[in-house]
Amino acid sequence: MIEFRNVSKVYDHNIRALAGVDFRVGKGEFVFVVGPSGAGKSTMLRMVYREELPSEGQVFVEGRDLARLRAASVPYLRRGIGVVFQDFKLLPSRTTFENVAFALEVTGARSYEIKRRTTQALELVGLRGRQRAYPHELSGGEQQRTSLARAVVNSPKILVADEPTGNLDPQTGRQLMQYLHNISLMGTTVLVATHARSIVDEFQCRVVRLERGRIVRDDQRAGYFGPLSACADGEEV
Amino acid sequence: MSLFGYCLREARKSIGRNPFLSIATVFTAAIALLVLATFLLGAANLQNLAEFVERQVNVAIFLRDGVAPADRDSLKANVAGIAGVEEITFVSRETALQRLRDKFGENAALLDGIDEFNPLRDSLEVRVGSAAAVDLVAEAVKASPLVDEISYGKELVARLVSVTRALRLGILGLAGLLGLATLFLIQNSIRLSVFARREEISIMRLVGATDSVIRWPLVFEGIVLAAGGALVATLAVGVVYQWLWQAMGRNLAFLPVLPLAAVLGRVGGVVVLTGVVIGAAGALLAMRRWLRV
Ligand SMILES: Nc1ncnc2c1ncn2[C@@H]1O[C@H](COP(=O)(O)OP(=O)(O)OP(=O)(O)O)[C@@H](O)[C@H]1O
Ligand SMILES: [Mg+2]
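Quantities reported herein were computed from a predicted structural model and do not represent experimental measurements.

Enquirer: Can you help me understand the overall build of chain A in this one?
Expert: Scanning chain A from terminus to terminus reveals 7 helices and 10 strands. The C-alpha radius of gyration of chain A comes to 17 Å, within 12% of the 18 Å expected for a compact globule of 237 residues. Each of the three principal axes of chain A carries a C-alpha extent, and together these read 45 × 45 × 35 Å. Taking all 237 residues of chain A together, the buried fraction comes to 57%. Pairs at least 24 apart in sequence give 70% of the contacts found in chain A among residues at least 6 apart.

Written out as structure tokens, the structure is:
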């Protein structure tokens, strides 16, 4: 599903964010990306949805080399990849429903389709009852779930979350991670960059550790039995 | 189709979200287009005036004494063949005297006894359709031995022609400048709109909106703002023109001023079209800088 082949990234002023990263993620896998600040986690995730291109090496998504993707094809790649950020990135002047529907509207979906799928996505994150609320009327957790609903409303094959729990308290963060995890159980490949050690420990799944742009550890914890049953042990904690 | 609806809706929302900026843009566009509209109206009237004056222009070809009717007729035929000549009539010296008499009206008695030695000459009166034809006629008959003298308002016509040409050029130049100013204003407004929506646009990119979905609402917005300005300008200029026209009709009835109905359609059309083009161009220019699309 996702493959990094010897990927390096050098930003301006010779800042090396990634150095020779080799990495594969299969369909339906749930992967944590951890590491100290500045290790290159965000850089790595941004490469998946082609916000950045590698300076060296190649990134493949569903077998396509992203560096060779025409600019006009990038929007279509992104419709297959949901993205969630630490700061939610909701539009303040739109309701929960409109924020989620937005991702479908801009793809030219028909209005009954927009309605159906938006309702479904809100159902999935438990926000049906709050669909008329504006972001400022929502708790942090609800805002992040709205943003999660927006990320999955296109039924993406891949979900990328960059510190999705960074602005949430531990309990809410855990709950959100549970939602992410449920989504991976439905067959979506999920990549989560996080600092939340305790959550990573609880959800015992594949953890990729980056340090100064290199993968220093890539292991599958006890209880990891392959993609579809990923993290099964951690759920009840 | 639903995308088109989306773009329209977004443009409308974006205008509504920032009503002050939108109104300000509409009015600045209106002011620039107002000047354009004023000058277009002026140009239409000037054109009309020039045509009117040209229509008044006649050339009188005075013949020498004793020209044979046959020679006269061949000269007449020659002149009639010149482009721009609309009508040519022979006025005998007797007719000319009669006209003079008519002009004198009740004082015609003063002319009694003049018949014996009528001082007037036979002439060909030429009515021309344009000032340019005057010169052609003059050139053609100047050298003829039959012709005694040619009389026409050469000076007036020439001056009018050059003045109209200069004014038209000036108007075109000024309209161009104002168009550029409007373009700049619209560009700025759309740029602000892009800036105000940068968050939204970055999310659109993230969720897979194509460039055209990002671009079209902004283009629509530019068009709507500029066309709105154009409508305001047309309306304002129409009201003022109508008022002036009525005032002129009372006081300067001899001047041929076009009625509003005759010009508003054309001027309004040009102004709105200019607005649409400028609005779209301004939006596209603004985005070239900001969106790198
Ligand atoms: N757009 C950019 N331009 C220049 N340098 C950048 C850019 N983005 C990241 N970097 C640099 O690349 C390195 C890796 O950054 P990155 O954001 O990937 O780290 P991270 O692991 O996500 O850190 P954090 O946990 O703090 O979010 C850092 O040194 C950072 O300063
Ligand atoms: Mg980061």
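Enquirer: Just to check I follow, could you spell out the site of ligand 1 for this structure?
Expert: Residues and elements named next belong to chain A. Residues in contact with ligand 1 amount to 14 residues; listed here are only the nearest, Ser37, Lys41, Ser42, Thr43 and His195. Ser37 has a polar side-chain atom sitting 2.5 Å from an oxygen atom of ligand 1. Residue Lys41 places a side-chain N or O atom 2.7 Å away from an oxygen atom belonging to ligand 1. Considering ligand 1 on its own, with 630 Å² of exposed area, one finds that the protein chains cover 65% of that surface. Of all the elements in the fold, those that place two or more residues in the shell around ligand 1 are strand 2 (15–25) and helix 1 (41–48).

Enquirer: Hey, could you run me through the sheet that holds strand 2 (residues 85–91) of chain B in this one?
Expert: By way of backbone hydrogen bonds, the strands of a sheet pair with one another, either parallel or antiparallel. Residue and element names in this part refer to chain B. Read from one edge of the open sheet, 4 strands run 2-3-1-4, paired in antiparallel fashion. The open sheet is flanked by strand 2 and strand 4 (147–151), the only strands paired with a single partner. Geometrically, the sheet is characterised by an average inter-axis angle of 20° between neighbouring strands, direction not taken into account. Here strand 2 pairs with strand 3 (residues 123–128) via 6 bridges, running antiparallel. Paired with Phe90 across the two strands is Leu124, which belongs to strand 3. Sitting on the sheet, helix 3 (residues 69–80) touches strand 1 (58–63), strand 2, strand 3 and strand 4, and the angle it makes with strand 2 is about 165°.

Enquirer: What is the right way to read the packing of aromatic side chains from this model?
Expert: Aromatic ring pairs: the centre-centre distance and the angle between the two ring planes describe each pair. Using the criterion set out here, one finds 3 aromatic pairs over all chains in the structure. On the numbers, 5.2 Å between centres and 75° between planes, the contact of Phe30 of chain A with Phe32 of chain A is edge-to-face. Take Phe30 of chain A and Phe32 of chain A: they sit in the same class, and that class is buried. On the basis of an interplanar angle of 50° and a centroid distance of 6.0 Å, the ring pair of Trp216 of chain B and Phe220 of chain B is categorised as tilted. Separated by 4 residues within a single helix, Trp216 of chain B and Phe220 of chain B lie in helix 8 (residues 211–251), roughly one turn from each other. When its relative accessible area of 14% is taken as the criterion, Phe220 of chain B is described as buried. Residue placement shows Arg72 of chain B over the ring face of Phe90 of chain B; its charged tip is 3.7 Å from the ring centre.

Enquirer: Even after reading the chapter, I still don't get empty space enclosed by the protein, so can you show me in this structure?
Expert: Any space left empty among the atoms is revealed by the rolling of a water-sized probe across them. Summed over the entire model, instances satisfying the criterion amount to 2 cavities of 30 Å³ or more. Taken as a whole, the largest cavity encloses approximately 80 Å³ of empty space. Secondary structure elements with two or more residues in the lining of the largest cavity: helix 2 (74–79), strand 6 (81–85) and helix 5 (140–152) of chain A. Looking at which element gives the most residues to the lining of the largest cavity, the answer is strand 6 of chain A, with 3 residues. For the second largest cavity, the calculated volume is near 30 Å³. Lining the second largest cavity we find Ala32, Leu33, Leu36, Leu178, Gly179, Thr182, Thr274 and Ile278 of chain B. Those elements that place two or more of their residues in the lining of the second largest cavity are helix 2 (19–56), helix 6 (154–196) and helix 9 (260–290) of chain B. The residue makeup of the lining of the second largest cavity, split by class, is 5 nonpolar, 3 polar and no charged.

Enquirer: Honestly, the interface of chain B and chain A in this entry has me stumped. Any pointers?
Expert: Interface size is commonly expressed as the accessible surface area that is lost when the partners come together. If you look at the interface, chain B gives 18 residues, while chain A gives 20 residues. A buried area of about 1,600 Å², summed over both sides, lies between chain B and chain A, and 62% of it is on carbon and sulfur atoms. Broken down residue by residue, the surface that chain B buries against chain A is led by Ile203, Leu206 and Val207 of chain B, which jointly contribute 38%. A salt bridge links Arg94 of chain A to Glu200 of chain B, with the shortest nitrogen-to-oxygen separation between them at 2.9 Å.

Enquirer: Please explain the pairing of strand 4 (residues 56–61) of chain A as it appears in this structure.
Expert: Note on strand geometry: in a regular strand, side chains alternate between the two faces of the sheet. Residue and element names in this part refer to chain A. Relative to strand 4, strand 1 (residues 2–11) runs antiparallel, the two being bridged by 5 bridges. Its bridge partner being in strand 4, Phe4 is matched across the sheet by Val59. Linking strand 4 to strand 5 (residues 64–65), which pair antiparallel, is a turn of 2 residues; within it Glu62 sits at a positive phi near 50°.

Enquirer: Before we go on, may I ask you to explain the environment of Asn6 of chain A in this structure?
Expert: All names here are of chain A. The topology assignment puts Asn6 in strand 1. For Asn6, a relative accessible area of 45% translates into the label partly exposed. Remark: the alpha-carbon pair of Asn6 and Arg197, spanning 191 residues in sequence, is separated by 27 Å. Every residue in contact with Asn6, bar those within four places of it in the chain, is listed here: Gly20, Val21, Asp22, Glu56 and Gly57.

Enquirer: I tried to follow the pattern of salt bridges on my own but got confused; where do I start?
Expert: Side-chain pairs of opposite charge can arise whenever the charged atoms involved come near each other. Residue and element names in this part refer to chain A. If you walk through the whole model with that rule in mind, you get 24 salt bridges over all chains. Close ionic contact of Arg206 with Glu29 constitutes a salt bridge, the shortest N to O distance being 3.0 Å. Here Arg206, found in strand 9 (residues 206–211), pairs with Glu29, found in the loop between strand 2 and strand 3 (30–34); they are 177 residues apart in sequence, far enough to count as distant. Comparing Arg206 with Glu29, the two get one shared label, buried.

Thresholds, definitions, all that
Residues numbered from 1 in each chain as written. Chains lettered and ligands numbered in written order. Predicted model: local features only at pLDDT ≥ 70, side-chain atom pairs only at ≥ 80, totals over all residues. Heavy atoms only, no water. Helix = DSSP H or I, 4+ residues; strand = E, 2+ residues; numbered from the N terminus. Rg over C-alpha atoms; globule rule 2.2 N^0.38 Å. Buried < 20%, exposed > 50% of the residue type's maximum accessible area, 1.4 Å probe, protein only. Contact = heavy atoms within 4.5 Å. Near = heavy atom within 4 Å. Polar contact = N/O pair within 3.5 Å; in protein donor to acceptor, adjacent residues only side chain to side chain. Areas by Shrake-Rupley, 256 points an atom, 1.4 Å probe, with all protein chains shown as cover. Pairing = 2+ DSSP bridges. Axes fitted to C-alpha atoms, helices over the stretch in contact; angles between N-to-C directions. Phe/Tyr/Trp six-rings, centres within 6.5 Å; stacked < 30°, edge-to-face > 60°. Lys NZ or Arg CZ within 6 Å of the ring centre and 35° of its normal. 1 Å grid on protein atoms, 1.4 Å probe; cavity = no way out; pocket = protein on both sides within 12 Å on 5 of 7 lines; lining within 4 Å. Points joined across faces, edges and corners; volume = space filled by probe spheres on them. Nonpolar A, V, L, I, M, F, W, Y, C, P; charged D, E, K, R; others polar. Buried area = accessible area lost by both parts, 1.4 Å probe. Salt bridge = Lys/Arg side-chain N within 4 Å of Asp/Glu carboxyl O.

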